[in-house]
Amino acid sequence: MMKRYLVRRAGQAVVVLILIACVNFLILKLAPGDLVDVLAGESGGSDPHYLHLLREQYGLDRPLYVQLFQYLSNLVQLDLGYSFRFNMPVRDLILMRLPATLLLMFSSLAIALLGGITFGVAAARAPRSLRDSLISTTALLAYSTPLFWAGLMLIILFSVKFGVLPSGGMATVDGPKDIVSIIVDVSRHLVLPSITLALFYMATYTRLMRASMLDIYNMDFVRTAKAKGLTPHQVAYRHVVPNSILPLISLFGVQLGSVLGGSVVVEVVFGWPGLGSLAFDALFQRDVNLLMGILFLSSVMVILVNLAIDLLYSWLDPRIEVGA
Amino acid sequence: MIARSSFIQRYFQSRTGVIGLIILTLIIVMAIFGPTLYPVDPWDMVSRPLQWPSFGAEAPLGSDVLGRDVLSGLINGARVSLIIGISATAAAVAIGVTVGAVAGYFRGLTDDALMRITEVFQTIPNFLFVIVLVAVFRPSVFTISAAIAVVSWPAVARLVRGEFLSLRQRAFVESCVTIGMSTPRIIFTQILPNCIAPVIVTSSIMIATAILVEAGLSFLGLGDPNVMSWGAMIGFGRQSLRTSWYLTLIPGVAIQLTVLSISFVGEALNDSLNPRL
């Protein structure tokens, strides 16, 4: 049963992946001007014969379906093309920048989860109290705040006014070289960007945790727990909280793509040297190959993480029928 | 069937709903009549650069690096934000309702195929996808709205599909099929009106999200270069963040207030359209 489900999900993921690649190809083809036009524009125009030769060399004169097939088979070999601006294969560029983005993403998701659960529990344990409405209103406010603006406001507060945290970059230039001080230095640089990126998701987790806990409080097993004389504290933390966390895990998978998108603006604001600022550079140097490569690899990441979460979910809660 | 009067009564029971509606109305009025009542060109140099907000006659909310009036930018930006928020959402709802209705009504292979396509658009990271689309097709109010619509329709499609899957099997739909009503007529006049409420609630959230996305785009320099928008103002103001932080603060608060008021309205609509408590 489990095995069959796995195969089916993996098959679906492959189909989605191929379709995403086709969408990418379509965008590349619909874009005004092809690679050769860009190169020609760069060198200030060339004669038509030379352009024709170039098109032949890159296979741009062949029928569309041949080009699509070529594109797909390149992707299968993880060949994402060449970035003419950075003079490097796109894959290598992305792999170089990926660790910084992963560090930023996972630290902010950890902050968001911990904060969201804490505030959600605090709100749900006293519904409609002052504390609850304070938390809920703050969450809604955080929900309505553009990430990049929150980042700029934090810079004004903590870097400009108080001067306690660095406002950009990932490490101090010419900083100390031993491993401990490097870790301390990078963590200090990580604080503001990860809190900025976490704000929005903390708000969604808070709201979901609150709603999920209020649902669980109405269930029979909670009534039983209360009836056998457990304190409200025990009921909340032993019975309600563990059962309320499940929906948060699936939200995590759904939001991964949006966190990747959010990291673009946050990385640009804080000069964090990750995929987001790479995308930003690609954007302004009109490096479409690189941009598409980032888009494709991020989609692959989303698919893989969601597959993993599906598995984790059925392992955490065996009641969930994986076939459904 | 919900009686109209009771719906309005329920809406006005929500305090935040009323506050949201008032703020939103003010912003809409500002967007429509502002440029006529305060005819200052947001691109013109009207005072000396980087003048702090004085609330006087000249540049009441201050001026930016190029001496452009912040208040005028705020008023014109409201227009851009609302136009993009509403048109992107309208397009996304149109696509989403169509796809969801067809998938949920016909089920089987059609449903499978449409859901795979929906999944594709849901998997590609939204904001990155919008950036790529806008960058490739050149930024304008139209391409920005279209790009936001392209990434936001799947939510509506899934919602409408779910409603259709359950409504399709109800007796009133079966009887319509039995008396030989045409399929489009069943879809549009019988099933669709029954799932309007959740679609309205989702659209209000989508308008808010679209406004945030547009702000992010124009902050990155991917806004329509011919119109002044709030995100672009923050982008311009960022260069003088350390000294003139009001340039960043003011448009940011405008975005926050707009999105917050829309969320308040959306929540109140949700509570009054599907009373569960």
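**Thoughts on the overall build of chain A**
Now for step 1: Along chain A, the regular secondary structure elements total 13 helices and two strands.
Now for step 2: Summarising its shape, the C-alpha atoms of chain A cover approximately 85 × 60 × 40 Å along the three principal directions.
Now for step 3: When contacts within chain A are restricted to residue pairs at least 6 apart in sequence, those whose partners lie at least 24 apart make up 76%.
Now for step 4: Surface summary for chain A: the accessible area is close to 16400 Å², and the carbon and sulfur share equals 67%.
Now for step 5: Chain A carries 24 positive and 20 negative side-chain charges, and their two centres are separated by 15 Å.

**Here we look at the packing of aromatic side chains**
Think of a pair of aromatic rings as described by two things: how far the centres are apart, and how the planes are tilted against each other in angle.
Now for step 1: By the definition in use, this model includes eight aromatic pairs over all chains.
Now for step 2: Consider the rings of F148 of chain A and F219 of chain B, whose centres lie 4.3 Å apart with planes at 15°: the pair is stacked. Highlighted residues: F148 of chain A in helix α7 (residues 147-161) and F219 of chain B in helix α9 (residues 196-219), drawn from two different chains. One exposure class covers both F148 of chain A and F219 of chain B, and it is buried.
Now for step 3: Ring pairing ties together the aromatic residues Y143, F200 and Y201 of chain A, which thus form one cluster.
Now for step 4: The ring of Y143 of chain A has R207 of chain A sitting right over it, with the charged end atom 5.6 Å from the ring centre.
Now for step 5: In this arrangement the basic side chain of R168 of chain B is found over the ring face of Y105 of chain B, its NZ or CZ atom lying 4.4 Å from the centre.

**So, the interface of chain B and chain A**
Now for step 1: Taken together, the contacts link 40 residues of chain B with 48 residues of chain A.
Now for step 2: Buried surface at the junction of chain B and chain A, summed over both partners, amounts to about 4100 Å²; 78% is from carbon and sulfur atoms.
Now for step 3: Looking at the side of chain B facing chain A, the largest losses of area belong to L128, L220 and Q256 of chain B, adding up to 14% of the total buried there.
Now for step 4: Applying the counting criterion to the chain B and chain A interface returns one salt bridge.
Now for step 5: Across the pair E267 of chain B and R207 of chain A runs a salt bridge, and its minimum N-O distance is 3.0 Å.
Now for step 6: Summed over the shared surface of chain B and chain A, the number is five residue pairs in polar contact (both at pLDDT 80 or more).
Now for step 7: Going through the elements one at a time, α4 (108-123), α5 (126-136), α9 and α11 (246-273) of chain B are the ones with two or more residues in the side of chain B that touches chain A.
Now for step 8: Considering each element in turn, the side of chain B that touches chain A owes the most residues, eleven residues, to α11 of chain B.
Now for step 9: Among the residues forming the side of chain B that touches chain A, the class breakdown is 27 nonpolar, seven polar and six charged.

**Re the domain arrangement of chain A**
Residues and elements named next belong to chain A.
Now for step 1: As far as domains go, chain A holds domain 1 (2-90) and domain 2 (97-316).
Now for step 2: One C-alpha centre belongs to domain 1, the other to domain 2; they are set 34 Å apart.
Now for step 3: Taken together, the contact between domain 1 and domain 2 spans 21 residues of the former and 20 residues of the latter.
Now for step 4: Approximately 1900 Å² of surface area, both sides summed, lies buried where domain 1 meets domain 2, with 73% of it carried by carbon and sulfur atoms.
Now for step 5: The largest share of the area that domain 1 buries against domain 2 comes from L80, R85 and F86, three residues that together contribute 25% of it.
Now for step 6: Across the domain 1-domain 2 interface, the total number found is zero salt bridges.
Now for step 7: Put simply, domain 1 and domain 2 have zero residue pairs in polar contact (both at pLDDT 80 or more) between them.
Now for step 8: Taken together, the elements giving at least two residues each to the side of domain 1 that touches domain 2 come down to α1 (2-30) and β1 (82-83).
Now for step 9: At twelve residues, α1 tops the list of elements feeding residues into the side of domain 1 that touches domain 2.
Now for step 10: Of the residues that constitute the side of domain 1 that touches domain 2, the class distribution is 16 nonpolar, three polar and two charged.

**Focus on helix α2 (residues 15-37) of chain B**
Residues and elements named next belong to chain B.
Now for step 1: Spanning 23 residues, α2 covers 31 Å between terminal C-alpha atoms, matching the ideal 33 Å at 1.5 Å per step.
Now for step 2: The largest bend in α2 comes to about 45°, at A31, with the proline P35 one to four residues further on.
Now for step 3: Of the positions making up α2, those classed as buried are G17, G20, L24, I27, A31 and G34.

**Overview of α9 of chain B**
One turn of an α-helix holds 3.6 residues; hence residues three or four places apart share an orientation.
Residues and elements named next belong to chain B.
Now for step 1: Counted at 1.5 Å a residue, the expected span for α9 with its 24 residues is 34 Å, and the 34 Å between its end C-alpha atoms agrees.
Now for step 2: Within α9, 20 of the 24 residues are buried, which leaves the element mostly enclosed by the surrounding structure.
Now for step 3: Taken from the residues just after α9, G221 is the one with a positive phi, measuring 95°.

**Structural notes on the packing of helix α10 (residues 230-237) of chain B against α11 of chain B**
All names here are of chain B.
Now for step 1: Contact geometry of α10 with α11 gives a least axis separation of 8 Å together with a crossing angle of 155°. Here α11 runs roughly antiparallel to α10, going by the angle between their axes. Between α10 and α11 lies a crossing of left-handed hand. Here α10 contributes W230, G231, M233, I234 and G237 to the contact with α11, which in turn contributes L247, T248, P251, G252, A254, I255 and T258.
Now for step 2: Looking at the contact of α10 with α11 residue by residue, the class counts come to seven nonpolar, five polar and no charged.

**Comments concerning the confidence of the model for chain B**
Now for step 1: Looking at chain B as a whole, the pLDDT averages 85, with 95% of positions reaching at least 70.
Now for step 2: Interface scoring of the predicted complex returns ipTM 0.84; its pTM is 0.88.

**Looking at the packing of helix α5 (residues 90-124) of chain A against helix α6 (residues 130-143) of chain A**
Residue and element names in this part refer to chain A.
Now for step 1: Where α5 contacts α6, the axes come no closer than 8 Å and their chain directions differ by 145°. As for how α5 packs across α6, the hand of that crossing is left-handed. Contacts between α5 and α6 involve F119, A122 and A123 from the first element and R131, D132 and I135 from the second.

**Notes on the pattern of salt bridges**
Residues and elements named next belong to chain B.
Now for step 1: Counted according to the given criterion, the structure contains six salt bridges over all chains.
Now for step 2: R161 is the partner of D111 in a salt bridge, and the nearest nitrogen-oxygen pair spans 2.6 Å. Here D111, found in helix α4, pairs with R161, found in helix α6 (residues 141-167); they are 50 residues apart in sequence, far enough to count as distant.
Now for step 3: The exposure class assigned to D111 is buried, which follows from its relative accessible area of 8%.

**Looking at the nonpolar core**
Grouped burial of nonpolar side chains is what soluble globular proteins tend to show.
Now for step 1: Residues I94 of chain A together with F129, F164 and L217 of chain B are the most contacted members of the largest nonpolar core, which totals 168 residues.
Now for step 2: Looking at which element gives the most residues to this core, the answer is helix α3 (residues 70-106) of chain B, with 16 residues.
Now for step 3: For this core, the domains that each give at least three residues are domain 1 (2-90) and domain 2 (97-316) of chain A.
Now for step 4: Aside from chain neighbours lying at most four places away, what touches I94 of chain A is L80, L275, L278, L290, G293, I294 and L297 of chain A.

**Section: a nonpolar patch on the surface**
Now for step 1: Residues I28, V29, I32, F33 and L37 of chain B make up a contiguous nonpolar surface patch of roughly 490 Å² in combined accessible area.
Now for step 2: Tracing the backbone shows I32 of chain B in helix α2.

About the criteria used
Residues numbered from 1 in each chain as written. Chains lettered and ligands numbered in written order. Predicted model: local features only at pLDDT ≥ 70, side-chain atom pairs only at ≥ 80, totals over all residues. Heavy atoms only, no water. Helix = DSSP H or I, 4+ residues; strand = E, 2+ residues; numbered from the N terminus. Contact = heavy atoms within 4.5 Å. Areas by Shrake-Rupley, 256 points an atom, 1.4 Å probe, with all protein chains shown as cover. Lys, Arg positive; Asp, Glu negative; His and termini not counted. Charge placed at Lys NZ, Arg CZ, Asp CG, Glu CD. Phe/Tyr/Trp six-rings, centres within 6.5 Å; stacked < 30°, edge-to-face > 60°. Buried < 20%, exposed > 50% of the residue type's maximum accessible area, 1.4 Å probe, protein only. Lys NZ or Arg CZ within 6 Å of the ring centre and 35° of its normal. Buried area = accessible area lost by both parts, 1.4 Å probe. Salt bridge = Lys/Arg side-chain N within 4 Å of Asp/Glu carboxyl O. Polar contact = N/O pair within 3.5 Å; in protein donor to acceptor, adjacent residues only side chain to side chain. Nonpolar A, V, L, I, M, F, W, Y, C, P; charged D, E, K, R; others polar. Domains from an automatic or database assignment. Expected span 1.5 Å × (residues − 1). Bend = angle between axes of the 7 residues up to and from the residue. Axes fitted to C-alpha atoms, helices over the stretch in contact; angles between N-to-C directions. Parallel < 35°, antiparallel > 145°, perpendicular 65-115°, else oblique. Left-handed = near helix turned anticlockwise from the far one by under 90°. pLDDT = per-residue confidence, 0-100. Core = buried A, V, L, I, M, F, W, Y, C linked by side-chain atoms within 4.5 Å. Patch = residues over 30% accessible without salt bridge, like charges linked within 9 Å, V, L, I, M, F, W, Y side chains within 5 Å.

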